[in-house]
Amino acid sequence: SDATLGASFARPMGMVVRYPGVWPPLKKGLWKVRFEVHKIWRTVSGFFAPKGQGLSPKALGGPITIFVGAHVTLTQGPGAFLVFLGFVSVNLAVLNLLPVPVLDGGLVLLLLIEKIKGSPLGEKTQAVAQYTGLALVLSLVVFAFYNDIMRVFPLVQSWFL
């Protein structure tokens, strides 16, 4: 059975499952986070797979896609909305750990390189890494906005015709 702490899509609205103690729902929540992290990793690696074997870059969504998802889940009820917020939070946490210099994962990577090297990286090297990482992240943001606008544009166009 798919028991949750009151947020479930398989049960009638208002049905709450009670667990004796904290461990069973905590264990289930941790399992779900692990499952989502694995899915996110497969998704991110799918963008870099050979053509025809991975995901299309058009599948990438940005803030508008997140807003639409939030709106849809909010109309399904507060439980669905909270699950969606958790999903977005886990996605952002995993992406933040990617080894891109302006993200936290990039900082860990730079610190690891310093540890292996035995001395701090040069200021110029760090600056180049940071600017390169910033350019990658900004390119991704622009591309995600572009995809969002291309998804929404046919809808907007149909409103005026």
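Because the structure is predicted, anything quoted here is derived from the model rather than measured.

Asks: Would you take a moment to explain helix α1 (residues 23–47) for this structure?
Replies: Side chains of residues three or four places apart in an α-helix project in the same direction, reflecting 3.6 residues per turn. With 25 residues, α1 ought to run about 36 Å at 1.5 Å a step, and its terminal C-alpha atoms sit 36 Å apart, in line with that. Considered for burial, the residues of α1 that qualify are Pro25, Glu36, Ile40, Val44 and Gly46. In this fold, the buried residues of α1 make contact with α3 (78–96).

Asks: Could you clarify how one ought to interpret the packing of aromatic side chains in this entry?
Replies: The description of an aromatic ring pair rests on the distance of the ring centres and on the angle between the ring planes. Summed over the entire model, instances satisfying the criterion amount to one aromatic pair. Both rings, one in tryptophan 31 and one in phenylalanine 35, keep their centres 5.5 Å apart while their planes meet at 10°; by these two values the pair is stacked. With a gap of four residues between them, tryptophan 31 and phenylalanine 35 both fall in helix α1, about one helical turn apart. Relative accessible area serves as the criterion here: at 36%, phenylalanine 35 is assigned to the partly exposed category.

Asks: Would you mind going over the pattern of salt bridges with me for this structure?
Replies: If charged atoms from side chains of opposite charge come close, those side chains can pair. The full count for this structure, using the stated rule, is two salt bridges. Aspartate 148 is the partner of arginine 151 in a salt bridge, and the nearest nitrogen-oxygen pair spans 3.2 Å. Remark: aspartate 148 and arginine 151 occur in helix α5 (residues 123–160); sequence separation between them is three residues, near one turn of the helix. A relative accessible area of 35% means that arginine 151 is categorised as partly exposed. When its relative accessible area of 0% is taken as the criterion, aspartate 148 is described as buried.

Asks: How do you make sense of the side chain of threonine 73 when you look at a structure like this?
Replies: The topology assignment puts threonine 73 in helix α2 (residues 63–75). What makes threonine 73 buried here is its relative accessible area of 12%. A polar contact is formed between the side chain of threonine 73 and the backbone oxygen of alanine 70, at a distance of 3.1 Å. With sequence-adjacent residues up to four places away left out, threonine 73 is seen in contact with Ala80, Phe81 and Phe84.

Asks: Explanation requested: the confidence of the model for the chain in the structure shown.
Replies: Note that predicted coordinates carrying low pLDDT should not be read in detail. Looking at the chain as a whole, the pLDDT averages 82, with 84% of positions reaching at least 70. Highest mean pLDDT in the chain belongs to helix α4 (residues 104–117) (93); lowest belongs to α1 (82). Predicted confidence for residues 1–12 stays below pLDDT 50, and this span has 24 contacts to residues more than four positions away or in other chains.

Procedures and definitions
- Residues numbered from 1 in each chain as written.
- Predicted model: local features only at pLDDT ≥ 70, side-chain atom pairs only at ≥ 80, totals over all residues.
- Heavy atoms only, no water.
- Helix = DSSP H or I, 4+ residues; strand = E, 2+ residues; numbered from the N terminus.
- Expected span 1.5 Å × (residues − 1).
- Buried < 20%, exposed > 50% of the residue type's maximum accessible area, 1.4 Å probe, protein only.
- Contact = heavy atoms within 4.5 Å.
- Phe/Tyr/Trp six-rings, centres within 6.5 Å; stacked < 30°, edge-to-face > 60°.
- Salt bridge = Lys/Arg side-chain N within 4 Å of Asp/Glu carboxyl O.
- Polar contact = N/O pair within 3.5 Å; in protein donor to acceptor, adjacent residues only side chain to side chain.
- pLDDT = per-residue confidence, 0-100.

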